[in-house]
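Reading the structure
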Amino acid sequence: MANRYWILGTGTWDATNTVNWSDTSGGSGGFSVPTASDNVFFDANSNVLATAFTVTMADTPRVCNDFTASGLDGTMTLAGTNIGLTVSGSLTFQATNFNRTYNGITTFNATTTGKTVTTNGVSFGAGVTFNGVGGSWSLGSALSGTIITLTNGTLNLAGYTTTLSTRLITSIGTKNLTFNGGTLICTFAGTTAFNNAVPTGFTTTAGTGTGVISLTNSTAKTFVGGGSTFNCTLNQGGAGALTITGSNTFSNITNTRKSVSATSILFTAGTTNTFTDWNASGESTRLLTIGSVTAASHTLSKASGTVSADYLSISQSTATGGAGWYAGANSTDGGNNSGWIFTAPPAPSGSNSNFLVFF
Amino acid sequence: MVKIDFSFQSQYGTFADALHLPDDHGLTQDEINAMQQQRFDNWVAIITAPQSEEV
């Protein structure tokens, strides 16, 4: 493993150019192009004086171990048309003086734990792939991009917000999504706004705090659950109907769209979705419709306790599992339901202020 | 390196992020607040302009 420092400002990071690489910050050039085991640095000595400069990647993919842009005193642009960047270690972008215009896929392929991804407000322009058997990456800040492909390894949101204009998709491998209070937002519409395409080998971990997956598009979108267990809250965050496919298990389900408009959560007929908690309700004049995609029933299951919802419009829904499923006094029975109780839940015992005072 | 965690609550949910700055960044609190606000504004722009076609 060696360190490679960029020097002399604007230049090309390709497979052969050694002019711009040094083994020390601001040192002489001519050192070998970084390999997947070398750390690359872009710092205050990477440019001429404090001028802006562009590092254009070519010969896809460019590779390195750690990628660190820090201490830049002139604006650096990391460019490259359809050129990917494969990082075998950690990645840190600088909060200021750093632009990303390369539009290839960024791949993280570490096979050991303890790696970090700190984009510092810089969006990825194309897909981001996590594919390292045994690898683990924690976010050091919020992350935004188009697609995350989770193939192998653990992606730890670490309490930060990840926002994708398309989706998260799982691929063949052993992969884990850990939340630790982080939120994954998929803004895309259509049939695969969240796509657990390969549920085999996919797990989720809640960690500390409450993790959330929120689908926010204003038109119809689908959460492809794949029958997995999601140790997080699934949130309907947009006006368009949210369709949930597969027989999945969720920690919780919510509807934050209720403060703005009516919306729907639909399930595939014949599926059973299991919840630890159910906190999806509507509000007055903004009902939440619970139904099936087709004219047959789905099943909702909760093992114990009480569901206390309200302002729902329910049809084709079987509520079961042992919990009391109270739809609320302001909910409507659209027919073909079972197990739902269209009243408010009974007041908890002892709530009528009867108590004894001992002296 | 200094890490400054921050979050904003909004109708779109919680936006949680962090600023990583050099130890000698020399920024004022107002400048840091402006950077945080810019991060949040950028995020809202993403949330409110969703893709409608395959990318």
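Since the structure is predicted, the reported quantities are computational estimates derived from the model, not experimental observations.

When helices and strands are tallied, chain A shows zero helices and 35 strands. Projected onto its principal axes, the C-alpha coordinates of chain A cover approximately 80 × 60 × 35 Å. Looking at chain A as a whole, 52% of its 359 residues qualify as buried. Charge-centre separation for chain A: the mean point of 11 positive side chains lies 10 Å from the mean point of 11 negative side chains.

This part covers the sheet that holds strand S11 (residues 98-100) of chain A. Residues and elements named next belong to chain A. Strand order in the open sheet made by the four strands is S2-S5-S8-S11, with parallel pairing throughout. Every interior strand has two partners, whereas the edge strands, strand S2 (11-13) and S11, have only one. Going from strand to strand, the sheet's axes swing by 20° on average, the running direction of each strand aside. Strand direction decides the pairing type here: S2 and strand S5 (residues 53-57), joined by three bridges, are parallel. For Gly11, the partnering residue across the bridge sits in S5 and is Val55.

On to the packing of aromatic side chains, then. Residue and element names in this part refer to chain A. Enumeration over the complete set of coordinates arrives at 31 aromatic pairs over all chains. Both rings, one in Phe223 and one in Phe250, keep their centres 5.7 Å apart while their planes meet at 55°; by these two values the pair is tilted. Of this pair, Phe223 sits in strand S22 (residues 221-224) while Phe250 is found in strand S25 (residues 249-255), placing the two residues 27 residues apart along the sequence. Comparing Phe223 with Phe250 shows no difference in burial state: the two are buried. Judged by centre distance (5.1 Å) and plane angle (80°), the ring pair of Phe275 and Trp278 falls under edge-to-face. The two residues Phe275 and Trp278 agree in class, both being buried.

Calculation rules
- Residues numbered from 1 in each chain as written.
- Chains lettered and ligands numbered in written order.
- Predicted model: local features only at pLDDT ≥ 70, side-chain atom pairs only at ≥ 80, totals over all residues.
- Heavy atoms only, no water.
- Helix = DSSP H or I, 4+ residues; strand = E, 2+ residues; numbered from the N terminus.
- Buried < 20%, exposed > 50% of the residue type's maximum accessible area, 1.4 Å probe, protein only.
- Lys, Arg positive; Asp, Glu negative; His and termini not counted.
- Charge placed at Lys NZ, Arg CZ, Asp CG, Glu CD.
- Pairing = 2+ DSSP bridges.
- Axes fitted to C-alpha atoms, helices over the stretch in contact; angles between N-to-C directions.
- Phe/Tyr/Trp six-rings, centres within 6.5 Å; stacked < 30°, edge-to-face > 60°.

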